[in-house]
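Chain by chain, the residues:
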Amino acid sequence: MRVKHKKWAEPYLESHPELISLNPAEFKGNWQSRFEKAQPLHLEVGMGKGQFIIGMAKKYPQYNFIGLEIESTVAAIAAKKAEPEHLPNLTFVRADGAGLDTYFADGEIDQLYLNFSDPWPKTRHEKRRLTYKSFLANYQQVLVPKGSIEFKTDNMGLFQYSLTSLNNYGMIFDGVWLDLHHSDENEGNVETEYEQKFAAKGQPIYKLRAHFAK
Ligand code: SAH
């Protein structure tokens, strides 16, 4: 997500270590200590301004949630939005999703979300797509055995690529929706910022849920 650099962002991040970690490796294997209760841990990679992960944390108090974002300004906007809510089951990380195995122990995450990830349409940028095989290998490592991924996007090219990439990796599909908002799966759907924007323009939203074979 491209947003104008905000001067307050970096000082805000640095002064809220209880809300957002800038050096997540220090909590590797110990993420449950960041929450009021130990309970299943769900992670969103590339949370943007946080609407989805904040909405999920409010809706599902029985799970713990981590919103991870690489861009400081975007991460700071999300954390600032969540701060007054004092949600005991939500915390944030400003870091690169490419390094998940350095921040999380094997099997530490129960469920992973990717929402409206950058499409990187040029073939030479394939390795940057968050559903490229090296990312999948990383997700598999930090997820519990047979852990699952939910992915939503408006981008048909990235969706087609992801179906192929997950399939080639041997993942098992639990559901594929080509028009989420007009399907039964939409019941209880928590929308992201991008999702609201694209759906308002009448674009279909694609979704898949898949789990690793082991
Ligand atoms: N999930 C949000 C934002 C989608 S835009 C929504 O649906 O509204 C994609 C987001 O992923 C951007 O904010 C971008 O900065 C972030 N991102 C891209 N590559 C990333 C990476 N390697 N690690 C973490 N975040 C990343």
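Here the residue numbering is sequential within each chain, running from 1 through the sequence in written order. Given that the model is predicted, a residue must reach a pLDDT of at least 70 before its local features are reported, and side-chain atom pairs must reach 80 or more before they are shown or counted; all residues, however, enter totals for whole chains, interfaces and linings. Excluding hydrogens and water, the side-chain values take into account all heavy atoms of the structure.

Peer 1: Explanation requested: the overall build of the protein in the structure shown.
Peer 2: Numbering goes from the N terminus for both helices and strands, where a helix is a DSSP run of H or I of at least four residues and a strand is a run of E of at least two. Within the protein, the regular secondary structure consists of seven helices and eight strands. In terms of C-alpha radius of gyration, the protein reaches 16 Å, essentially the compact-globule figure of 17 Å for 214 residues. Referenced to the eigenvectors of the C-alpha coordinate spread, the extents of the protein come out at roughly 40 × 40 × 35 Å. Buried positions account for 50% of the 214 residues belonging to the protein. For the protein, restricting intrachain contacts to residue pairs at least 6 apart in sequence, the fraction spanning at least 24 positions comes to 77%. Accessible surface, the protein as shown: approximately 10400 Å² in total, 51% of it carbon and sulfur. Counting 26 positive and 27 negative side-chain charges, the protein places the centres of these two groups 6 Å from one another. Computation of the radius of gyration draws on C-alpha atoms, with the globule rule given as 2.2 Å multiplied by the number of residues to the power 0.38. When accessible area is computed with a 1.4 Å probe and restricted to protein chains, residues below 20% of their type maximum are described as buried, those above 50% as exposed, and intermediate ones as partly exposed. Note on definitions: a residue-residue contact is assigned when non-hydrogen atoms from the two residues lie within 4.5 Å. The Shrake-Rupley method, run with a 1.4 Å probe, gives the accessible areas here. Residue values count only the displayed protein chains as cover. Counted as positive: Lys and Arg. Counted as negative: Asp and Glu. His and the chain ends are not counted at all. Every charge is mapped to an atom, namely NZ of Lys, CZ of Arg, CG of Asp or CD of Glu.

Peer 1: Help me understand helix α2 (residues 51-59), please; the structure alone is not making it clear to me.
Peer 2: Each turn of an α-helix holds 3.6 residues, which means side chains three or four residues apart point in the same direction. Of all the positions in α2, only Phe52, Ile53, Ile54, Met56 and Ala57 are classed as buried. On its buried face, α2 is in contact with β2 (41-45), β3 (64-69), α3 (72-82), β4 (90-94), β5 (109-115) and β6 (143-153).

Peer 1: Teacher, can you tell me more about the UniProt feature "binding site: substrate" (unreviewed entry) in the protein here?
Peer 2: UniProt annotation of "binding site: substrate" (unreviewed entry) refers to Lys122, Asp154, Thr192, Glu193, Tyr194 and Glu195 when read in the numbering used here. The greatest C-alpha distance among the residues just named is 24.9 Å, and with 74 residues of sequence between them they are spread in space as well. When near neighbours in sequence (up to four residues on either side) are disregarded, tyrosine 194 contacts Met1 and Phe116. Among the structural elements, glutamate 195 can be located in helix α7 (residues 193-200). Discounting residues that sit within four places of it in the chain, glutamate 195 has contacts with Phe116, Lys152, Leu180, His181, Asn189, Val190 and Ile205. Each polar contact in these results corresponds to two N or O atoms within 3.5 Å; when the atoms are within protein, one needs to be able to donate a hydrogen and the other to accept it, and residues that are neighboring in sequence are counted only if both atoms are side-chain atoms. Within the structure, the side chain of glutamate 195 is placed 2.8 Å from the side chain of lysine 152, a separation counted as a polar contact. UniProt positions are given in the numbering used here, feature names are shortened, and annotations may be inferred rather than shown by experiment.

Peer 1: Explain the domain arrangement of the protein here, please?
Peer 2: For an interface, size is often stated in terms of accessible area lost upon the parts coming together. Each assigned domain of the protein is listed with its residue range as follows: domain 1 (1-105) and domain 2 (109-214). Boundaries between domains were set according to an automatic or database domain assignment. For domain 1 versus domain 2, the distance between C-alpha centres works out to 20 Å. Listed by partner, the interface residues are 23 residues for domain 1 and 22 residues for domain 2. Between domain 1 and domain 2 the total buried area reaches about 2100 Å² when both faces are included, carbon and sulfur atoms providing 56% of it. The working definition used for a salt bridge is a side-chain nitrogen of Lys or Arg within 4 Å of a carboxyl oxygen of Asp or Glu. Applying the counting criterion to the domain 1 and domain 2 interface returns one salt bridge. The residue glutamate 193 makes a salt bridge to lysine 81 at a minimum N-O spacing of 2.8 Å. Where domain 1 touches domain 2, the interface holds 15 residue pairs in polar contact (both at pLDDT 80 or more). Looking at the side of domain 1 that touches domain 2, the elements with two or more residues in it are β2, α2 and α4 (100-103). Note on definitions: buried area is the accessible-area loss of two parts on being combined, 1.4 Å probe, summed for both.

Peer 1: Sorry, what's going on with the pairing of β2 here?
Peer 2: On any regular strand, side chains alternate: one points to one face of the sheet, the next to the other face. Within β2, five of the five residues are buried, which leaves it mostly tucked inside the rest of the structure. Along β2, one buried face is formed by Leu41, Leu43 and Val45 and the opposite face, lined by His42 and Glu44, is buried too. Two strands qualify as a pair provided DSSP detects at least 2 bridges between them. Across five bridges, the pairing between β2 and β3 is parallel. Residue pairing in the sheet places glutamate 44 in a bridge with glycine 67 of β3. Seen with the strands pointing away from the viewer, any crossover whose path from the first strand over the helix to the second strand runs clockwise is right-handed. Handedness of the crossover joining β2 and β3 through α2: right-handed. Here β2 runs beside β5; their pairing, made up of four bridges, is parallel. Pairing of valine 45 across the sheet is with leucine 114, part of β5.

Peer 1: Would you mind going over the nonpolar core with me for this structure?
Peer 2: Soluble, globular proteins show a tendency: their nonpolar side chains are buried together. Definition used in this section: a nonpolar core is a set of buried Ala, Val, Leu, Ile, Met, Phe, Trp, Tyr and Cys residues joined via side-chain atoms within 4.5 Å. Grouped together as the largest cluster of nonpolar side chains are 34 residues, with contacts concentrated most on Leu43, Leu100, Phe104, Leu112, Tyr139 and Ile149. Elements that contribute at least two residues to this core include exactly β2, β3, α4, β5, α5 (133-142), β6, α6 (156-168) and β8 (206-211). Three or more residues apiece are contributed to this core by two domains, here domain 1 (1-105) and domain 2 (109-214). Once residues within four sequence positions are removed from consideration, isoleucine 149 is found in contact with Leu112, Leu114, Leu136, Tyr139, Leu143, Met171, Leu208, Arg209, Ala210 and Phe212. Membership of the second largest hydrophobic core comes to 22 residues, among which are Ile20, Phe52, Phe65 and Ala82.

Peer 1: Got a minute to help me understand the site of the ligand in this structure?
Peer 2: Close to the ligand lie 18 residues; Met1, Gly46, Glu69, Gly97 and Thr192 are nearest. Contact between the ligand and glutamate 44: a nitrogen atom at 3.2 Å from a side-chain N or O atom of the residue. A distance of 2.7 Å separates a nitrogen atom of the ligand from a polar backbone atom of glycine 97. Taking 570 Å² as the accessible area of the ligand by itself, protein coverage stands at 94%. Mapped by element, the contributors of at least two residues to the shell around the ligand are β3 and α7. Each residue is assigned to one class: nonpolar for Ala, Val, Leu, Ile, Met, Phe, Trp, Tyr, Cys and Pro, charged for Asp, Glu, Lys and Arg, and polar for all the others, Gly among them. Its residues assigned to classes, the shell around the ligand comprises seven nonpolar, five polar and six charged. Note on terminology: near, applied to a residue and a molecule or strand, indicates that one of the residue's heavy atoms is within 4 Å of it.

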